Amino acid sequence: MDGDRVEIDGGIMEGGGQILRVSTALSCLLGLPLRVRRIRAGRSQPGLRPQHLSGLEIIRDLCEGKLEGGEIGSTEITFTPGKIKGGTHIADTKTAGSVCLLMQVAMPCVLFAASPSELRLKGGTNAEMAPQIDYTVMVFKPIVEKFNFTFNCDIKKRGYYPQGGGEVVVQMSPVKELSPINLTERGTVTKIYGRAFVAGALPIKLAKDMSAAAVRCIRKEIRDLYINIQPVREPDDQAFGTGSGIIVVAETSTGCLLAGSSLGKRGKNSDKVGIEAAEILLRNLKHGGTVDDSLQDQLIIFMALAKGVSRVKSGPITLHTQTAIHFAEQLTKAKFTVTKSEEEDPSKDTYIIECQGMGMINPNL
């Protein structure tokens, strides 16, 4: 059996948890036994962190697979997948590890399960170095559903750094196959909206300050659009711990969604948090792509699995995206090409990511 294992070097390119997420999800989907070595080799704390381990465990449970080397700090794992089944699955990082990253690893797999699934994901909903749950609901969900599936994401409780304690329930039904997507027309920005939130011990004034600072920053570049960033205080029974942050989304005439977000932390001025989110959004609007930097890499696995040719126009290709493409090509029959977008004015740094998908068919339906 061991001779047929796919060998993955977890220390190359982006060198982080993403390699683990993409390769184990594809291993599960394609029934390929896998060995990943040098996990997070370049990180200050190499090996599996609680959030990576929770991701591996939910994949193992989804398909009744076998996982060896599944301990915190482990730098090598072997994984032997079984058959993907639906039903309820729970993953708990027991830290502020991101529920959104747990969703990233599990979602492609349950799309090809035998029956509907419910994922109960526990950890941080608004965590550093990961998409915020608001981004997942406001941007990722409407765009990824263009692959021709739907999911429901219910935020039961929000959880923040350092304790986590959040819970999100994701429900989805399996599909026969995924349709390709074509996101190549940006259109014009028609509205800008968002939410600035505080939770726990923080006053609503901070949310208002973040919102006002973001609006002022965007106004310098975009004068004629109404900008609606709601300041909110999360209800105490729906948030665990203390946290704050902001997400600002731009919607275009062709249905594109691009965002900027930022989290508050102790000693960080709330105006700065708002300005940071606004600047990220403006940077994403400048390059002329149809997706922002955070969505780019999250679409790769779905493009690889879809039947037919997907095309996405993006700004500069991130290392996360290059890494996702590398491992998607290594494990599937999908073929990606990235070319500089011609029709843009030359000053814009715009690219077309094209993928001939492998056309994964759900064997259970």
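Placed above this text is the structure.
Residues numbered from 1 in each chain as written. Predicted model: local features only at pLDDT ≥ 70, side-chain atom pairs only at ≥ 80, totals over all residues. Heavy atoms only, no water.

J.: Got a sec to walk through the packing of aromatic side chains? Specific residues and values, please.
T.: For any pair of aromatic rings, the description consists of the separation of the ring centres together with the inter-plane angle of the planes. Using the criterion set out here, one finds six aromatic pairs in the structure. A ring pair is formed by Y160 and F197, whose centres lie 6.0 Å apart and whose planes are at 20 degrees; its orientation type is stacked. With Y160 in the loop between β7 (151–159) and β8 (166–172) and F197 in strand β10 (residues 189–199), the pair connects residues that are 37 residues apart, well separated along the chain. For the pair Y160 and F197, one class covers both residues: buried. Ring-pair connections join several aromatic residues into one group, and the members of that group are F140, F147, F149, F151 and F302. Directly above the aromatic system of F151 lies the positively charged group of K141, at a separation of 5.1 Å from the ring centroid. For R158, the ring lying beneath its charged end belongs to F197, and the centroid distance is 6.0 Å. (Phe/Tyr/Trp six-rings, centres within 6.5 Å; stacked < 30°, edge-to-face > 60°. Helix = DSSP H or I, 4+ residues; strand = E, 2+ residues; numbered from the N terminus. Buried < 20%, exposed > 50% of the residue type's maximum accessible area, 1.4 Å probe, protein only. Lys NZ or Arg CZ within 6 Å of the ring centre and 35° of its normal.)

J.: An account of the nonpolar core is requested, with residue identities and associated values reported.
T.: In summary, soluble globular proteins display a tendency toward joint burial of nonpolar side chains. Among the nonpolar cores identified, the biggest contains 83 residues, and F147, F149, F151, L178, L299, F302 and F336 are the most heavily contacted of them. The biggest single contributor to this core is helix α3 (residues 99–110), with nine residues. When we break this core down by domain, the ones giving at least three residues each are domain 1 (6–183 + 291–358) and domain 2 (189–287). Here F336 is in contact with I300, M303, A304, I325, A328, E329, I353, E354 and C355, once residues within four sequence places are set aside. Of all hydrophobic cores here, the second largest spans 24 residues; its members include A207, V215, C217 and A250. (Core = buried A, V, L, I, M, F, W, Y, C linked by side-chain atoms within 4.5 Å. Domains from an automatic or database assignment. Contact = heavy atoms within 4.5 Å.)

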